[in-house]
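Read off the chains here:
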Amino acid sequence: MLEANRASMAKEMEGQPKESVDMAMKMAETMFSQIEGSLVIKEGGELAGDMSMGPAGTISMTGTWTQSGNTLTMNTRDSKGNEETQDATVDGDTLTIIDGKSGQEMQIIFTRQ
């Protein structure tokens, strides 16, 4: 799990008993170790991706993208019909998404292969 995600979780859990924080961190580590994904950004403004969430199953998505400076804006629809617009930061071969949907900010990082 990325250090930025650990720090975000720790901030959210300030004031909680140490045992609760330790247990939540361990559960998050287990969850994140089971996640694998890919994102294909195609020429012409289309994209496709898959994310395997371990026992929670796999989510596929398709959509479109636009770029302005180092911000990539993605408009996606997943295999369950959920639509979302999300911005990501492009830095060389790295794409970083800050995801706050769960009420807790998490970084998702893709690296060009």
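Residues numbered from 1 in each chain as written. Predicted model: local features only at pLDDT ≥ 70, side-chain atom pairs only at ≥ 80, totals over all residues. Heavy atoms only, no water.

## Some remarks on the environment of Arg77
Stage number 1. With respect to the element layout, Arg77 can be found in strand β4 (residues 71–78).
Stage number 2. A relative accessible area of 44% means that Arg77 is categorised as partly exposed.
Stage number 3. Discounting chain neighbours no more than four positions away, the residues touching Arg77 are Ser60, Met61, Thr62, Asn82 and Glu83.
Stage number 4. Only 2.6 Å separates the side chain of Arg77 from the side chain of Glu83, close enough to count as a polar contact. (Helix = DSSP H or I, 4+ residues; strand = E, 2+ residues; numbered from the N terminus. Buried < 20%, exposed > 50% of the residue type's maximum accessible area, 1.4 Å probe, protein only. Contact = heavy atoms within 4.5 Å. Polar contact = N/O pair within 3.5 Å; in protein donor to acceptor, adjacent residues only side chain to side chain.)

## Here's the deal with the environment of Ala88
Stage number 1. Residue position: Ala88 is located in strand β5 (residues 83–91).
Stage number 2. Between the C-alpha atom of Ala88 and that of Gln67, which follows or precedes it by 21 residues, the distance is 9.5 Å.
Stage number 3. If we skip the residues at most four places from it in the chain, Ala88 touches Asn70, Thr71, Leu72, Met74, Leu95, Thr96 and Ile97.

## Re the pattern of salt bridges
Stage number 1. All told, the structure shown has two salt bridges when counted by the stated rule.
Stage number 2. Its salt-bridge partner being Asp22, residue Lys18 comes within 2.6 Å of it at the nearest N-O pair. Of this pair, Lys18 and Asp22 both sit in helix α2 (residues 18–33), four residues apart, roughly one helical turn.
Stage number 3. Overall, the relative accessible area of 40% leaves Asp22 in the partly exposed class.
Stage number 4. Note that Glu83 and Arg77 form a salt bridge whose closest N and O atoms lie 2.6 Å from each other.
Stage number 5. Overall, the relative accessible area of 60% leaves Glu83 in the exposed class. (Salt bridge = Lys/Arg side-chain N within 4 Å of Asp/Glu carboxyl O.)

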